[in-house]
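Inside the fold
This is what each chain is made of:
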Amino acid sequence: MGNLIEHIGIERERIHFSWISSAEATKFVDVVKDITEKVRALGPNEKFKKIYN
Amino acid sequence: MDTYTEKIRSIAGSLLKEGKVDRVIGYKKGSIPMATNPFAARTVEQARELVFNSTCVMNLANYITDSSETIAVAAKGCDSRNIVTHIVENKIKRDQVYIIGVPCSGMVDKRRIIEEFGSDLTEFSENGDEISVKSLDKEEVLKKQDYLRDCCTTCIKPNPVVYDELAGELVPEPEVKNRFASVEKIEAMDPDEKYQYFTDLTADCIRCYACRNACPICYCPTCFVDESGPQWVGKGQNETDIQTFHFLRAFHCAGRCTDCGACEEACPMGIKVREFTKKLNKDTSELFGWDAGLDQTKRPPLDTYSPEDPDDFIK
Amino acid sequence: MPDKDIKIVSFLCNWCSYGAADLAGVSRLEYPADIRVIRIPCSGRMSPKFVLSAFREGADAVWVSG
């Protein structure tokens, strides 16, 4: 999925997969921080957005 | 390849006469030059209408699913791989199909011929490695090898992978140097270029779904584009909807597509639909060492779980 | 804190990451508020359609977590 997303031109860093058990609250926080940082660096997404008219 | 015609006719004729099969699926001459239609022969007389030449581009595996009849199919390499996929996915039983294997030396790219000769073709014939084309403007004898379809130049299995009877001598397996060259070209682009490329690629799409209908592995009773509650993809000509359709269509074919080229052939707008599926073929081949339709005992990789599956994309 | 307003659509499995998010909440751990959580009954419920839908409706990123 990630590969094809990338192939059509959406940055790879815009899709994340992770595996967190329900006891791993700290990992959850770490992953959220990590993802947010990466996406903030990329800025808002303008591709593949549906424009309603 | 037109030498196969007689052989296919005689096999089909005897199969129908003996009552071994209910119908024989093959090709029939179309109404204009360079056109052949998929055709189901049910009687010995009809079997005489079957033909086979270098314009038999559609994939006949499309016509064998969900049937209780016994069916014989004239199958090229790609068709046979799709029949294997159908058997794996329980769309038909192996003993229900009688496969007339047709070793294939590639199909001619009709679009290129029309581009060079104009759309008013008056005659098309072939003789071994040569094809002769006649249009209102000009007449030429060409080398078939130079006018093959793109998917035929990167074909890895011209011979049927499974068959009950052969319609001709097996052809030598070609050595394809790099069958994913077109994919690599896109992979080298940066994200904005890629996005532009795919936007341009699908811009002409008129959402006729001919690619879906021509595809042997697109057999869902209700396609995701026809679902209305929830509606995953709008039905209009919106750019994003078009892209969603092409993306998801391709994704459903991951690990199942045999790159037969029927989708591209069916497209009235000449969109290179294979650009999407080709990428997924490359991925499944690299990640899972898998090429669709070669093994009757294995399910496609996205259909199964194995502890060895690559998972480094998961944090 | 956030310099740009971004939306990360997160598909969290009810039994795993959703639980983790809940635990993070009751443990009063702080994390960025840019994620929009969608609870799914199991990661197996996930579908490529969801991802494309999210992007189509204006997501800046998608996060799938089991």
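Residues numbered from 1 in each chain as written. Chains lettered and ligands numbered in written order. Predicted model: local features only at pLDDT ≥ 70, side-chain atom pairs only at ≥ 80, totals over all residues. Heavy atoms only, no water.

The next point concerns the overall build of chain A. Helix and strand content of chain A: 2 helices and 1 strand. In the form shown here, chain A has an accessible surface area of approximately 2500 Å², with 52% of it arising from carbon and sulfur atoms. (Helix = DSSP H or I, 4+ residues; strand = E, 2+ residues; numbered from the N terminus. Areas by Shrake-Rupley, 256 points an atom, 1.4 Å probe, with all protein chains shown as cover.)

A few words now on the overall build of chain C. Check the secondary structure of chain C and you find 2 helices and 3 strands. In sequence order, the secondary structure elements of chain C are arranged as β-α-β-α-β. Seen through its principal axes, chain C has C-alpha atoms that stretch 35 × 35 × 10 Å. The buried share among the 66 residues of chain C stands at 53%. In chain C, of all internal contacts separated by at least 6 residues, the share reaching a separation of at least 24 is 80%. Carbon and sulfur atoms form 53% of the exposed surface of chain C, whose accessible area is close to 3200 Å². (Buried < 20%, exposed > 50% of the residue type's maximum accessible area, 1.4 Å probe, protein only. Contact = heavy atoms within 4.5 Å.)

This part covers helix 9 (residues 239–252) of chain B. All names here are of chain B. The terminal C-alpha atoms of helix 9, which comprises 14 residues, lie 20 Å apart, in line with the 20 Å expected from a rise of 1.5 Å per residue. Counting buried residues along helix 9, 12 of its 14 residues qualify, which places the element largely inside the surrounding structure. Here helix 9 has its buried residues at T240, D241, I242, Q243, T244, F245, H246, F247, L248, R249, A250 and F251. The N-cap residue of helix 9 is N238: its side-chain oxygen and the backbone nitrogen of T240 are 2.8 Å apart. (Expected span 1.5 Å × (residues − 1). Polar contact = N/O pair within 3.5 Å; in protein donor to acceptor, adjacent residues only side chain to side chain.)

Packing of helix 9 of chain B against helix 2 (residues 48–56) of chain C brings their axes to within 11 Å, and their N-to-C directions diverge by 160°. Viewed along their axes, helix 9 of chain B and helix 2 of chain C adopt a mutual orientation that is roughly antiparallel. Crossing handedness for the pair helix 9 of chain B and helix 2 of chain C: right-handed. Contact residues: helix 9 of chain B offers B:T240, B:D241, B:T244, B:F247, B:L248 and B:F251, while helix 2 of chain C offers C:P48, C:K49, C:L52 and C:R56. Considered class by class, the residues forming the contact of helix 9 of chain B with helix 2 of chain C number 5 nonpolar, 2 polar and 3 charged. (Axes fitted to C-alpha atoms, helices over the stretch in contact; angles between N-to-C directions. Parallel < 35°, antiparallel > 145°, perpendicular 65-115°, else oblique. Left-handed = near helix turned anticlockwise from the far one by under 90°. Nonpolar A, V, L, I, M, F, W, Y, C, P; charged D, E, K, R; others polar.)

To continue, consider the sheet that holds strand 1 (residues 15–18) of chain A. Strand order in the open sheet formed by 4 strands is 1(A)-3(C)-1(C)-2(C), and the pairing between neighbours is parallel. The open sheet has two free edges, formed respectively by strand 1 of chain A together with strand 2 (35–40) of chain C, since each of these has just one partner strand. Adjacent strand axes in the sheet meet at a mean angle of 20°, parallel and antiparallel pairs treated alike. Pairing of strand 1 (residues 8–13) of chain C with strand 2 of chain C involves 6 bridges; the strand directions are parallel. Looking across to strand 2 of chain C, one finds that C:C13 is bridged to C:I40. (Pairing = 2+ DSSP bridges.)

Below, the discussion takes up the interface of chain A and chain C. With 32 residues of chain A at the interface, the matching set in chain C holds 36 residues. In this assembly, chain A packs against chain C so that about 2900 Å² is buried in total across both faces, 69% of it on carbon and sulfur atoms. Contact with chain C buries surface across chain A, with A:F28, A:R40 and A:F48 losing the most and accounting together for 23% of the total. Linking chain A with chain C are 1 salt bridge, by the criterion used here. When the shortest N-O distance is used, the salt bridge between A:R40 and C:D34 registers 2.7 Å. Linking chain A to chain C there are 13 residue pairs in polar contact (both at pLDDT 80 or more). Mapped onto the side of chain A that touches chain C, the elements with two or more residues apiece are strand 1 and helix 2 (25–42) of chain A. Broken down by element, the residue count for the side of chain A that touches chain C peaks at 11 residues, all from helix 2 of chain A. (Buried area = accessible area lost by both parts, 1.4 Å probe. Salt bridge = Lys/Arg side-chain N within 4 Å of Asp/Glu carboxyl O.)

Here we take up helix 3 (residues 77–88) of chain B. Residue and element names in this part refer to chain B. Counted at 1.5 Å a residue, the expected span for helix 3 with its 12 residues is 16 Å, and the 17 Å between its end C-alpha atoms agrees. Buried residues dominate helix 3, accounting for 12 of its 12 residues. The complete set of buried residues in helix 3 reads G77, C78, D79, S80, R81, N82, I83, V84, T85, H86, I87 and V88. Buried positions along helix 3 lie against strand 1 (23–29), strand 4 (71–75) and strand 5 (97–101).

Here we take up the interface of chain B and chain C. In this assembly, 11 residues from chain B lie in contact with 6 residues from chain C. The contact between chain B and chain C buries some 750 Å² in all, and 75% of this surface belongs to carbon and sulfur atoms. On the surface where chain B and chain C come into contact, there are 1 salt bridge. A salt bridge links C:K49 to B:E227; its shortest N-O distance comes to 3.6 Å.

Here we take up the pairing of strand 4 of chain B. For a regular strand, the rule is simple: side chains alternate between the two faces of the sheet. All names here are of chain B. Among the 5 residues of strand 4, 5 are classified as buried, and the element is accordingly described as predominantly covered. Here strand 4 shows a buried face lined by I71, V73 and A75 and a second buried face lined by A72 and A74. Pairing of strand 1 with strand 4, which is carried by 3 bridges, proceeds in the parallel orientation. For V24, the partnering residue across the bridge sits in strand 4 and is A72.

By themselves, these observations are geometric and do not establish any function.
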